[in-house]
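Tertiary structure, described
Residues per chain are reported as follows:
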Amino acid sequence: MRPDAVVIGVGSPYRRDDGVGPAVVARLRAAGLPGVTLAESDGEACALILLWQQRRLAVLVDAVRIRPPHPGRVHRLVTAWPVPGPLKPDSGSSSTPTVALGDAVRLAGELGRLPARMLVFAIEAADLGYGVGLSPAVERAADRVAAEVAAEVRTCATATADQGP
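Topic: the overall build of the protein chain
Helix and strand counts for the protein chain come out as 4 helices and 5 strands. When the helices and strands of the protein chain are placed in sequence order, the string is β-α-β-α-β-β-α-β-α. The buried share among the 165 residues of the protein chain stands at 41%. At a minimum sequence separation of 6, the contacts of the protein chain that also span at least 24 residues come to 80%. Of the roughly 8700 Å² of accessible surface on the protein chain, a fraction of 58% belongs to carbon and sulfur atoms.

Given below as structure tokens:
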């Protein structure tokens, strides 16, 4: 097991609030967290699995659309292994075939490539149209989530140091 953490910002900064994952990663880069890999992803399953495999902690940050919307509301999910259910293609509006996050997790489990612990921060979006910049509520949520993720990563690093080689 790798003794490090990875934070993956999922989304596109060219689709307004969909860029909240990469925006959180940018905030963490500015904070200079040691012992953590910071990455951005379009959410493609194989790329996600390669980033999180054999890590102590994997944190994913992504925008979500929920009805009725509450832009900026944060949903914090802690994974439990195994994730039940069959694999199926995502029926989202993506122009390329993708696998939903849950399916990527199930696939990683089948391949033996899960992290020890995974957190998902899903931030409700206001605007997923073309353009750059986050809506004000999502911008504030990005700040809060970046602070929470930094604390999680530091806790992971402390626990790793306490366990020794």
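A closer look at the pairing of strand S1 (residues 5-10)
Of all 6 residues in S1, 6 are buried, a share of seventy percent or more. Burial along S1 is two-sided: Ala-5, Val-7 and Gly-9 and Val-6, Ile-8 and Val-10, pointing in opposite directions, are all buried. In this sheet, strand S2 (residues 36-41) lies alongside S1 in parallel orientation, the contact comprising 6 bridges. Within the sheet, the bridge partner assigned to Ala-5 lies in S2 and is Val-36. Assessed by its sense of winding, the connection that carries the chain from S1 through helix H1 (residues 20-31) to S2 is right-handed. When S1 meets strand S3 (residues 57-64), the two strands line up parallel, connected through 5 bridges. Its bridge partner lying in S3, Val-7 is registered against Val-59.

Structural notes on unusual backbone geometry
In this chain, Arg-67 is followed by Pro-68 through a cis amide linkage whose omega measures -10 degrees. By the secondary structure assignment, Pro-68 is in the loop between S3 and strand S4 (74-78). Phi is positive for Arg-16, close to 45 degrees, though the residue is something other than glycine. Relative to the helices and strands, Arg-16 is located in the loop between S1 and H1. For Arg-16, a relative accessible area of 29% gives the class partly exposed. For Gln-54, which is not glycine, the phi torsion reads 60 degrees and is therefore positive. You can see Gln-54 is positioned in the loop between helix H2 (45-52) and S3. Residue class for Gln-54 comes out partly exposed when judged on its relative accessible area of 31%.

Parameters at a glance
- Residues numbered from 1 in each chain as written.
- Predicted model: local features only at pLDDT ≥ 70, side-chain atom pairs only at ≥ 80, totals over all residues.
- Heavy atoms only, no water.
- Helix = DSSP H or I, 4+ residues; strand = E, 2+ residues; numbered from the N terminus.
- Buried < 20%, exposed > 50% of the residue type's maximum accessible area, 1.4 Å probe, protein only.
- Contact = heavy atoms within 4.5 Å.
- Areas by Shrake-Rupley, 256 points an atom, 1.4 Å probe, with all protein chains shown as cover.
- Pairing = 2+ DSSP bridges.
- Right-handed = clockwise from strand over helix to strand, strands pointing away.

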